[in-house]
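What follows is each chain in one-letter form.
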Amino acid sequence: AVVSTQSTGKYVGNMHGNEIRGRGLLMKLAYYLATQYNADSEVQRLVDSTIFHLIPSINPDGFNNAVPSCSGVTGRYTSDGTDMNRDFPNHWTIGTKMKFATETLLLMEHAKTITPVLGISFHDGALVTNYPWDGQPGLYTGQYAKSPDDDLFISLAKTYSYNHAAMYDVSQQCNGDSFADGITNGNKWYKVFNGMQDWNYVDNDCFEVTIELGCCKYPSDAQTTFSSVWSDNFNSVFAFTALAHQTVRGTVMTLDGTPLLGATISVEGIEKGVHVRHENGYYWRPLRSGVYTITATKTGYFPLIRRNVAVTAGETTVVNFILISRNQVLNHEKVDIYHPEKNFKPGEEDLL
């Protein structure tokens with residue numbers, strides 16, 4: 001069970017069945033975490049504080065059909081011919097797509113149940129970390145599509161790239177690519193709608209990036225490739241995972257302790273909020289270091305502001321909210337706005 005001190009990472013590979021490095025990397029990561037738990041105190045600390053959801057292959061049929069090829073497409077698609085990274089709901093348009101691949105539906109259902117804080121989708125065909133937006137109406141491929149959390153996504157992407165053995169080095173990138181710092185905005189690279197990373201960010205409050213692990217999609221010497229992928233990405237994976245703990249987290253409750261599912265946590269100056277999705281009322285909001293004003297809102301309740309919330313590099317800041325029902329006030333019930341809880345001090349919260 002998730003406890004309030006744990007953050008969740010969702011790492012998936014092999015969305016395109018012929019792009020194999022992520023599959024091997026995640027299997028090796030699972031093995032390493034399991035075998036080193038009792039031998040390495042840092043691994044133990046990370047596993048105790050983090051819930052890892054590792055899916056080495058989300059397109060196993062595609063993988064089974066794939067053949068070694070650096071640039072081919074055999075095995076890219078699901079068994080029904082779907083490109084999974086063009087198969088997620090598009091938040092820019094009204095209406096819901098009526099048909100999804102079975103794999104896409106299962107992955108969306110899974111993502112909705114695990115409240116991930118950070119996510120990675122591993123691909124091949126380049127050496128770069130890609131971040132939202134992948135696509136934005138009115139912009140052409142090659143134009144920068146800035147998300148509300150652009151600064152945070154740049155920080156996440158640089159953390160992965162700078163800790164990689166080669167990704168940050170333009171001279172070691174692929175086919176004439178020239179990604180400064182080894183990162184790219186999705187739409188700036190090439191425009192994609194219905195991709196997984198934008199869907200996770202908008203619909204699931206999961207701050208996800210797409211990692212391209214290598215130039216050749218399915219190398220013929222796969223075993224050698226897997227060994228080098230592990231050593232090249234070892235530091236990146238752990239440095240990125242550590243950022244799942246640089247968050248503001250806490251609960252949103254009523255006065256009687258009922259979790260307020262669906263409540264929104266908003267940060268002043270950032271257009272996108274995150275939501276209480278966990279059944280026990282927990283939320284997680286990754287942020288860069290700084291001082292913030294954070295508001296909790298829920299229809300039928302008075303909003304509550306917390307000012308001067310400090311976020312420190314590598315640390316978690318706990319901010320709990322107790323919201324008061326408007327009906328209680330309208331009915332002239334006596335309510336204690338400053339509930340006797342250690343995280344609430346008069347003068348630090350205000351009703352809007």
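Placed above this text is the structure.
Now for a quick tour of the structure. (Residues numbered from 1 in each chain as written. Predicted model: local features only at pLDDT ≥ 70, side-chain atom pairs only at ≥ 80, totals over all residues. Heavy atoms only, no water.)

Observations concerning the overall build of the protein
What counts here: Each helix corresponds to a stretch of at least 4 residues labelled H or I by DSSP, and each strand to a stretch of at least 2 residues labelled E; elements are numbered beginning at the N terminus. Only the C-alpha atoms count toward the radius of gyration. The rule for a globule is 2.2 Å times the residue count to the power 0.38. Note on classification: 1.4 Å probe, protein chains only; a residue is buried when its accessible area is under 20% of the maximum for its type, exposed when over 50%, partly exposed between these limits. In this analysis, two residues are considered to be in contact whenever any of their non-hydrogen atoms come within 4.5 Å of each other. For accessible areas, the Shrake-Rupley method is used with a probe of radius 1.4 Å. Any residue's cover is judged against the shown protein chains and nothing else. Note that His is not counted, nor are the chain ends; the positive residues are Lys and Arg, and the negative ones are Asp and Glu. Working definition for charges: the position is that of NZ of Lys, CZ of Arg, CG of Asp or CD of Glu.
Along the protein, the regular secondary structure elements total nine helices and 15 strands. For the protein, whose C-alpha radius of gyration is 21 Å, the value lies close to the compact-globule estimate of 20 Å for 352 residues. Each of the three principal axes of the protein carries a C-alpha extent, and together these read 75 × 50 × 35 Å. Expressed as a percentage of the 352 residues in the protein, the buried residues total 53%. Long-range pairs, those at least 24 residues apart, make up 73% of the contacts in the protein between residues at least 6 apart in sequence. Accessible surface for the protein amounts to roughly 15600 Å². Of this, 51% is attributable to carbon and sulfur atoms. Positive and negative side-chain charges in the protein, numbering 27 and 36 respectively, have mean positions lying 3 Å apart.

Points about the state of the cysteines
Filter applied, for reference: Criterion for a disulfide: a pair of cysteine sulfur atoms at a distance within 2.5 Å.
Counted by the stated rule, this structure contains two disulfides. Residue pairing for Cys-70: its cysteine sulfur links by disulfide to Cys-216, the two sulfurs lying 2.0 Å apart. Classification of the bridge connecting Cys-70 and Cys-216 rests on its S-S torsion, roughly -90°, and on that basis the disulfide is left-handed. With a gap of 146 residues between them, Cys-70 in the loop between helix 3 (60-65) and helix 4 (102-114) and Cys-216 in the loop between strand 6 (207-214) and helix 8 (222-242) connect regions that are remote in the sequence. Disulfide pairing places Cys-174 opposite Cys-215 at an S-S distance of 1.9 Å. Looking down the S-S bond of the Cys-174 and Cys-215 bridge, the torsion is -80°, so its handedness is left-handed. In this pair, Cys-174 sits in the loop between helix 5 (150-163) and strand 5 (183-185) while Cys-215 sits in the loop between strand 6 and helix 8, placing the two residues 41 residues apart along the sequence. The class for Cys-174 is buried, based on a relative accessible area of 1%. Residue classification places Cys-215 among the partly exposed positions, given a relative accessible area of 35%. When the bonded cysteines of the protein are counted from the start of the sequence, the pairing works out to 1-4, 2-3.

Digging into the nonpolar core
When a protein is soluble and globular, its nonpolar side chains tend to lie buried together. Under the convention used in this document: As used here, the term nonpolar core means buried Ala, Val, Leu, Ile, Met, Phe, Trp, Tyr and Cys residues forming a set that is joined through side-chain atoms within 4.5 Å.
If you look at the biggest cluster of nonpolar residues, it comprises 62 residues, and the most contacted ones within it are Tyr-11, Phe-122, Tyr-160, Val-252 and Phe-321. With twelve residues, the next largest nonpolar core counts Met-108, Ala-111, Met-196 and Trp-199 among its residues.

Here's the deal with the environment of Gly-138
Within the secondary structure layout, Gly-138 lies in the loop between strand 4 (126-131) and helix 5. Apart from the residues lying within four places of it in its own chain, the contact partners of Gly-138 are Gln-143 and Lys-191.

Description of the packing of helix 1 (residues 21-36) against helix 8
In a packed pair of helices, the relevant descriptors are the angle between the two axes and the axis-to-axis distance. Rules: Axis angles are defined between N-to-C directions and span 0 to 180 degrees, where every axis is a line fitted to C-alpha atoms and, for a helix, only to the segment in contact. By convention the crossing between two helices is left-handed if the near helix lies anticlockwise of the far one by an angle smaller than a right angle, and right-handed if it lies clockwise. Each residue gets one label: Ala, Val, Leu, Ile, Met, Phe, Trp, Tyr, Cys and Pro are nonpolar, Asp, Glu, Lys and Arg are charged, and the others, such as Gly, are polar.
As a packed pair, helix 1 and helix 8 sit with axes 9 Å apart at the nearest point and diverge in direction by 65°. Taken as a pair, helix 1 and helix 8 cross one another with a handedness that is right-handed. Judged by residue contacts, Arg-21, Gly-24, Leu-25, Lys-28, Leu-29, Tyr-32 and Leu-33 of helix 1 engage Thr-225, Phe-226, Val-229, Trp-230, Asn-233, Phe-234, Val-237 and Phe-238 from helix 8. A breakdown of the residues in the contact of helix 1 with helix 8 according to their chemical character gives ten nonpolar, three polar and two charged.

Considering helix 4
We count it as follows: Here a helix's expected span is defined as the number of its residues, less one, multiplied by 1.5 Å. It is the directions from the helix axis to the C-beta atoms whose arc is reported.
Over its 13 residues, helix 4 extends 19 Å from the first C-alpha to the last, a length consistent with the 18 Å expected when each residue adds 1.5 Å. Those residues of helix 4 not exposed but buried are Glu-103, Thr-104, Leu-107, Met-108, Ala-111 and Ile-114. Along the axis of helix 4, the buried residues cluster in a sector spanning 140°; they form a single face. Opposite the buried face of helix 4, at more than 90 degrees from it, the exposed residues are Thr-102, Leu-106, Glu-109 and Thr-113. Residues of helix 4 that are buried sit in contact with strand 1 (7-13), strand 2 (50-55), helix 3 and helix 7 (196-204).

What about the pattern of salt bridges?
The criterion, for reference: The term salt bridge refers to a side-chain nitrogen of Lys or Arg lying within 4 Å of a carboxyl oxygen of Asp or Glu.
All told, the structure shown has ten salt bridges when counted by the stated rule. In this structure, Asp-205 and Lys-272 form a salt bridge, with 2.6 Å as the shortest nitrogen-oxygen distance. Note that Asp-205 is positioned in the loop between helix 7 and strand 6 and Lys-272 in the loop between strand 8 (264-267) and strand 9 (274-275), a separation of 67 residues in sequence. With respect to burial, Asp-205 and Lys-272 carry one shared label: buried.

Quick notes on the packing of aromatic side chains
To be explicit about the condition: Put simply, two rings from Phe, Tyr or Trp (the six-membered ring, in Trp's case) pair if the centres are within 6.5 Å, and we call them stacked under 30 degrees between planes, edge-to-face over 60, tilted for the rest.
With the rule as written, the count across this model stands at 20 aromatic pairs. Relative to Tyr-201, the ring of Trp-133 lies with its centre 5.4 Å away and its plane at 55°, an arrangement referred to as tilted. In this pair, Trp-133 is assigned in the loop between strand 4 and helix 5 and Tyr-201 in helix 7, connecting sequence segments 68 residues apart. Here Trp-133 matches Tyr-201 in class, with each residue buried. Note on Phe-153 and Tyr-201: the rings are 5.0 Å apart at their centroids and 85° apart in plane angle, and the pair reads as edge-to-face.

So yeah, pure geometry; function would need other evidence.
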